[in-house]
Amino acid sequence: MMPVLPGFGYQRVPVADGVSLNVAVAGSGRPVVLLHGFPQTHLMWRHVAADLVADHTVICPDLRGYGASDKPAETDDITYAKRTMAADIVALASALGHERFALAGHDRGALVAFRAGLDHPAAITQLACLDVLPTLDMWDAMHGVTAAVGFHLFLMAQPPGLPEQMIAASADAFFGHFLDTWAGDPQAIPADIRTAYLAACRAAVPSIVADYRASAGIDLAHDRADRDAGSQLRMPVTVLQQDWGAALGFDAAALWETWAPDLRHSIVSHGHFMAEEAPADIAKEVRDLLRRPANRFSQAGL
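This part covers the state of the cysteines. The tally for this structure, following the rule as stated, stands at zero disulfides. Cys60 takes part in no disulfide bond, and the closest cysteine sulfur, belonging to Cys129, lies 16 Å away.

Next up on the list: the side chain of Asp137. Looking at the element boundaries, Asp137 is found in helix H4 (residues 135-141). Using a relative accessible area of 4% as the deciding quantity, one classes Asp137 as buried. When neighbours within four sequence positions are excluded, Asp137 is seen to be in contact with Arg227, Leu255 and Trp259.

Next up on the list: the packing of helix H6 (residues 162-169) against helix H7 (residues 171-181). Contact geometry for H6 and H7: axes closest at 4 Å, N-to-C directions at 90°. With respect to their mutual orientation, H6 and H7 come out roughly perpendicular. Counted together, Ile167, Ala168 and Ala169 of H6 and Ala171, Phe174 and Phe175 of H7 form the full contact between these two elements.

Where helix H3 (residues 108-119) contacts helix H10 (residues 218-229), the axes come no closer than 12 Å and their chain directions differ by 40°. Put simply, H3 runs oblique to H10. The crossing of H3 and H10 is left-handed. Across from Phe114, Arg115 and Leu118 in H3, the residues of H10 making contact are His222, Asp223 and Asp226.

Considering every residue of the protein chain, the mean pLDDT works out to 94; 96% of them sit at 70 or more. Ignoring residues within four places in sequence, the model shows residues 298-302, a span with pLDDT below 50, making ten contacts including any to other chains.

Of all five residues making up strand S7 (residues 237-241), five are buried, and the element is well covered by its neighbours. On S7, burial covers both faces: Val237, Val239 and Gln241 on one face and Thr238 and Leu240 on the other are all buried. The sheet contact formed by strand S6 (residues 124-130) and S7 spans four bridges and is parallel. Each residue of the ladder has a partner; that of Ala128, found in S7, is Thr238.

Conventions adopted
- Residues numbered from 1 in each chain as written.
- Predicted model: local features only at pLDDT ≥ 70, side-chain atom pairs only at ≥ 80, totals over all residues.
- Heavy atoms only, no water.
- Disulfide = S-S within 2.5 Å.
- Helix = DSSP H or I, 4+ residues; strand = E, 2+ residues; numbered from the N terminus.
- Buried < 20%, exposed > 50% of the residue type's maximum accessible area, 1.4 Å probe, protein only.
- Contact = heavy atoms within 4.5 Å.
- Axes fitted to C-alpha atoms, helices over the stretch in contact; angles between N-to-C directions.
- Parallel < 35°, antiparallel > 145°, perpendicular 65-115°, else oblique.
- Left-handed = near helix turned anticlockwise from the far one by under 90°.
- pLDDT = per-residue confidence, 0-100.
- Pairing = 2+ DSSP bridges.

Structural data, given as structure tokens:
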């Protein structure tokens, strides 16, 4: 049996034509939606969710294409666009009775959260992004031999066919590589959770690749259009990152400041899987964010 979040109820919620998300929900109070990263599922939030549920409604979905959520075929470039995945999350929250909610995302989930903040500012009261750069800035930063750390980004950006075949041929080794090398504390992902992550990824190779492929195409175009238009995140934003800049030669805080005027950016000492490695710290950061007042734009619902 796959692990679950203790005390959470599970349901499948339709969010788009032919697409339902698997979601765990518990608690009461102001809603907080937590979005997982790669190569994980909603289970990555198990410790943070257990903290926040004491006084919040906590909503932990598997993203479209991941975990036990539906995995539609990549029929066009918008199937796994972050704009589409962000709309899923807004529709999910609405179906659960929440037109406005706080949103925290890690890795791939942070890119979905970022897009939700830009596209649906009236719905997102506060926003947290963990260990990621916006897509446009990420591709600008990845250059030279230091970009080898992101080899998977380039592999999964290739046209359909080859990347799916290569990854599926050795799925556990491929996805396990990231669980092993990105973890600052290997003990933070116990055997049963690791097994669940690998099984979920093994069953979702085409949709995971499609998610990454979108980031090299349509997502980049959407970010560039917003940058050109001067679009910004209008809610309080917290960003927590490892010190990527030291290795890749960029100022992460400065990059984020162009998108988020109300920004609190912190460099942390945890590994990439920080919600699992240091859940008390991450829960505190989310709680601190929730105490920051939503700005007038989202309060007015405009």
